[in-house]
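# Analysis of the macromolecular model
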Amino acid sequence: MTVPRQDRGDPPQLTAASHSNQTTAVRNSGSPSALDAQSTVASQDDSIPSQRTRKLWSDVAQGIDNNSTVVWKSAVNSLADGLKFLQTSNDARAFVEGYMRQIISILLEQVPQKIGSLEKSCVQESLMKALLIVLEELKLKGTNLAAGDCVVVDVLGLLFNKKMPYYKGSKHSWNNALSGMPEIRMQLIDKFRSSRGFAHLGSYLQARTATQRFPPLDTIRLILEAARDAVPQDVVTTPAQMKVKKSYEDDIICVANAVMGDLGNQSEDALKKLHHDDMSTIRWGLQAIFQLLILSRRSETYKFYAFCRDFALKLITSQSLPLKLYGWENVNELVEISASMAPPPKTYIASGAGVTFVNGEFQYAAAIGEDGFVSSKTDYCYECIVPPASKDDKSKKLTLFKCTMRSQQKWWFISEADEHQPGTDKDIDYYQQKSKKNEETYPPSTGWMTCKSAGIDPPPFLEGKGVVAPVGEEFNTMEHQLAQWAIDNKVVELVLGNSIHREIVARSVRLICFLASMCTKDEPVEHVPAGKTMIPNAYCLNSSHLELAWKTCESKLDAAVSAEVYQLLVSILPSLPNELIVELFKTIRNSCKDSLFEVAEFCSAYATSGEIEGTIYFSDEVRKVLLKLLWSVLTHPDASTLKCIDDVKNFMSQELRAQRIGHVQRQNFLNSCKQSLTQNAKKENCNEASALRIVGLTRFILEACPRGQAAAAITENKRELAFLLFNDLIAYMKRRGSKESTTSIKKASSNLTVADEFQHSYALEERLDVLRFVYGLSGTVEMT
């Protein structure tokens, strides 16, 4: 609890704060003469503390032990003397190691607006003395393990903790602003940085990585936050400034490398004992540092993400399921980060626009960093120069750019900028797009709307080409590095291998979808540096991965695992190139004879996933193979035993109605039905369930046809299809009369298999119903 500041003449207790479940306080030292009396007086030997200094330490220690209080000026003087005699006096060391943390904690619990300027001065002097003490200890202990550990390194974390009340302040009512002094924390960080404190800290940590002597993660987290705030952000121009900036960056990277070394070298047993949130916090702290360094130290940033990938691999290959699952959370974060760091397309090709001169190539026109890459904070902009239509016309400069509206909504525009006031209402807007959250970074390909002022329907389709990257680095982006890591380490095989687990499969979807998208990521590069091989789309999902996934489903080991793999395959279909989809569908179709249930479950999963709208982007070849796959399920002898048969039929009916290839495919399946009807009519003994199914499928295909095509199918070739169905009825009655068929028929609406005598009425009813439907399609077909 914090007590308001008291005026002069009040009792000596000034403020109080909560610390370690005890009431802590800072006490007034009384009059100036009392302050002077408690000041440090050294003996003639400057290396030995005086009796008064020892008494000061004793009094401060006693106040903390008994009442958790400390006198303002005593805090400053005791720490100043502690710093002075730290290397020469055991008493000084004992005091510093035993009480400095508590002193600093008490001081940082104070709220600046509740104390006076003298008290603030005492707090800030004490903080600075404590910082210098830690710095001296780090220099002393450094890489010398024999010298022991820096016991007060946790005080450094406390000094850098931005959530302490002295830095953060407090809010006493809903309309009050926080009243802290965060600038004091930044002054401490600047002092530590300029004193090469991060360099000494890095050396100290490096010598203790992967040992019990490494500081706890809570302290490391606070140090990393300070290191992030210490990354130089000022623009430097002179060689001297650049040298200083580089040295500061080197010091911070040294600390980060030490932390990565400790975390990466932990044994599996040690990792099991660490809380996942603590590890994530450390990783995020490191990431924040390297994201600020990426423009000036890209290679170091790449090394950090290489560490993240290696650490994730260590987790997902461990024997512990919780560690594996946590590792997959890391992998998914890497996928997201890699996508956010992807360089923008070099050009966008606009096509299909009603305003014909909009159709063309828009070149990247925004800022590019000194290293040839684009900052992730850059607002991308593209320009297209339209040549004059005639000698009297002027050329036009079209701009593809993002604009933040007054509502803070992001809109993309294709406009002709005004020469004198670009980016205002005087621009001529042709097309616009109200972007969704996932479309704010890059111009979307579809979803454009025509502006009423100057646009003409239809709006354009945009396609990105190439990437903005230095020559030779086009295939070395974060996405390419992640894809290579996954393929080289056989991560997909780890997911679908012998130790497959449904939770791991579920968490791997994002990575495998990412690998699928990398199949068509690259285009051949025009300028390849000498001695360098650049193969586009070298690391991506391939057919062997898809075959492995399907074999997992066929293995029939675990229905829950198979269900997750079905969903995995369905999820990656929109990202796969058409060639791989064709291979996958053919593989699944070829297994239909022996694995009908698994094939049907996959088709059902796809049909009910909400992803079937994505089939509109399939090539004609893919749609043909998909329809053949569905047809193989529907025509299987045991199809009627499937619980999901209705899902498959509805899916195929939808695909058959597609106008692009639907007509041809419907005719092909009708021809297949005709062939089966002809063969069944000639048989004296056949599987009556299969024969009846063909009759039903004939009607199913006709129902999927437009009425004109259905009527034509009935009447063509001298009403061949109508006669075939009629002959099927006659053949069935003959077989029935001869009593040679003993095969039971399972009624679709029943779970019971009944005797042939009882099923006769059902088979007869179905055939007559189909005949009535067929003869009703055309008025030119009559039953004789």
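This text gives an overview of the structure that appears in the document.

## Considerations on the overall build of the chain
In terms of helices and strands, the chain carries 29 helices and 11 strands. Long-range contacts, defined as pairs at least 24 residues apart, comprise 67% of the intrachain contacts of the chain with a sequence gap of at least 6. Counting every atom, the chain has about 38,300 Å² of accessible surface; 50% of that belongs to carbon and sulfur.

## Examining the packing of helix 3 (residues 72–85) against helix 4 (residues 90–108)
The interhelical angle for the contact between helix 3 and helix 4, taken along N-to-C directions, is 145°, at an axis separation of 10 Å. Here helix 3 and helix 4 pass one another in a crossing that is left-handed. For the pair formed by helix 3 and helix 4, the contact residues are W72, A75, S78, L79, G82 and F85 on the first element and A92, F95, V96, M100, I103, I104 and L107 on the second. Among the residues making up the contact of helix 3 with helix 4, the classes are represented as 11 nonpolar, 2 polar and no charged.

## Examining the sheet that holds strand 6 (residues 381–386)
Ordered in space as 10-9-8-7-6-5-4-11, the 8 strands form an open sheet in which the pairing is antiparallel. Here the strands that pair on one side only, and so sit at the sheet edges, are strand 10 (449–450) and strand 11 (461–465). Sheet analysis places strand 5 (residues 360–364) next to strand 6, joined by 2 bridges and oriented antiparallel. Counterpart to Q363 in the pairing with strand 6 is E383.

## Considering the packing of helix 19 (residues 509–517) against helix 21 (residues 559–572)
Geometrically, a packed helix pair is captured by the angle between its two axes and the distance between the axes. Two elements in contact, helix 19 and helix 21, have axes whose closest approach is 9 Å; the angle formed by their N-to-C orientations is 35°. Seen from above, helix 19 lies across helix 21 with right-handed handedness. Taken together, the residues of helix 21 that come into contact with helix 19 (itself represented by V509, I512, C513 and A516) are L568, S571 and I572. In terms of residue class, the contact of helix 19 with helix 21 is built from 6 nonpolar, 1 polar and no charged.

## Quick word on the pattern of salt bridges
Across all of its chains, the model carries 40 salt bridges by this definition. Where E249 meets K245, a salt bridge forms, and the shortest distance between an N and an O atom there is 2.7 Å. Residue E249 and its partner K245 are located together in helix 11 (residues 239–264), separated by 4 residues, close to a single helical turn. One network of salt bridges, in which partners are shared, links K245, K246, E249, D250 and R297.

## Concerning the pairing of strand 7 (residues 396–404)
The pairing of strand 6 with strand 7 spans 6 bridges and is antiparallel. Along strand 7, the bridge assignment pairs C381 with F401. Taken together, the 7 bridges between strand 7 and strand 8 (residues 410–416) define a ladder with antiparallel strand orientation. Residue pairing across strands places C403 opposite W411, the latter belonging to strand 8. Hairpin connection, strand 7 to strand 8: the antiparallel pair is bridged by 5 residues, and Q408 has positive phi, about 70°.

## Observations regarding the layout of surface pockets
What the second largest pocket holds in volume is close to 950 Å³. Along the wall of the second largest pocket there are 34 residues; nearest its centre are L292, L293, I294, L295 and S296. Elements represented by at least two residues in the lining of the second largest pocket include exactly helix 11, helix 13 (276–293) and helix 14 (298–316). Residue contributions to the lining of the second largest pocket peak at 4 residues, all from helix 11. Class assignment for the residues of the lining of the second largest pocket results in 18 nonpolar, 8 polar and 8 charged.

## Points about the packing of aromatic side chains
Going through the model one piece at a time under the given rule, you end up with 22 aromatic pairs. A ring pair is formed by W631 and F669, whose centres lie 4.8 Å apart and whose planes are at 35°; its orientation type is tilted. Taken together, the positions of W631 in helix 24 (residues 620–634) and F669 in helix 26 (residues 662–682) put the pair 38 residues apart, joining distant regions of the chain. Each of the two residues, W631 as well as F669, counts as buried. Among the aromatic residues, ring-to-ring pairing joins F290, F304, Y305, F307 and F311 into one connected group. One Lys or Arg, K396, reaches over the ring of F357 and ends 5.3 Å from the middle of that ring.

## A closer look at unusual backbone geometry
Glycine aside, a negative phi is what most residues show, and trans is what most peptide bonds show. Note the cis peptide between D457 and P458, where omega equals 0°. As for its placement among the helices and strands, P458 is situated in the loop between strand 10 and strand 11. Positive phi, normally seen in glycine, also occurs at R196, with a value near 60°. Looking at the element boundaries, R196 is found in the loop between helix 8 (182–194) and helix 9 (197–206).

## Quick word on a positive patch on the surface
A grouping of K586, R589, K624 and K628 is seen on the molecular surface, where their side chains present a positively charged patch. Sorting the residues of the positive patch by element identifies helix 22 (578–590) and helix 24 as the ones contributing at least two each. One can find K586 in helix 22.

## A word on the environment of D251
Along the chain, D251 falls in helix 11. The spacing of D251 and R196 is 55 residues in sequence and 7.1 Å in space, taken between C-alpha atoms. Once residues within four sequence positions are removed from consideration, D251 is found in contact with R196, F198 and A199.

## A few points about the side chain of E474
Position of E474 among the secondary structure elements: in the loop between strand 11 and helix 16 (478–488). Among buried charged residues, E474 stands out as having no salt bridge; its nearest opposite-charge side chain is K346, 5.3 Å away. A distance of 2.9 Å separates a polar atom in the side chain of E474 from the backbone nitrogen of G472.

## Observations regarding the side chain of S653
Topologically, S653 is positioned in helix 25 (residues 645–656). Residue classification places S653 among the buried positions, given a relative accessible area of 12%. The residues touching S653, leaving out its near neighbours within four places in the chain, are F700 and A704.

Calculation rules
Residues numbered from 1 in each chain as written. Predicted model: local features only at pLDDT ≥ 70, side-chain atom pairs only at ≥ 80, totals over all residues. Heavy atoms only, no water. Helix = DSSP H or I, 4+ residues; strand = E, 2+ residues; numbered from the N terminus. Contact = heavy atoms within 4.5 Å. Areas by Shrake-Rupley, 256 points an atom, 1.4 Å probe, with all protein chains shown as cover. Axes fitted to C-alpha atoms, helices over the stretch in contact; angles between N-to-C directions. Left-handed = near helix turned anticlockwise from the far one by under 90°. Nonpolar A, V, L, I, M, F, W, Y, C, P; charged D, E, K, R; others polar. Pairing = 2+ DSSP bridges. Salt bridge = Lys/Arg side-chain N within 4 Å of Asp/Glu carboxyl O. 1 Å grid on protein atoms, 1.4 Å probe; cavity = no way out; pocket = protein on both sides within 12 Å on 5 of 7 lines; lining within 4 Å. Points joined across faces, edges and corners; volume = space filled by probe spheres on them. Phe/Tyr/Trp six-rings, centres within 6.5 Å; stacked < 30°, edge-to-face > 60°. Buried < 20%, exposed > 50% of the residue type's maximum accessible area, 1.4 Å probe, protein only. Lys NZ or Arg CZ within 6 Å of the ring centre and 35° of its normal. Patch = residues over 30% accessible without salt bridge, like charges linked within 9 Å, V, L, I, M, F, W, Y side chains within 5 Å. Lys, Arg positive; Asp, Glu negative; His and termini not counted. Charge placed at Lys NZ, Arg CZ, Asp CG, Glu CD. Polar contact = N/O pair within 3.5 Å; in protein donor to acceptor, adjacent residues only side chain to side chain.

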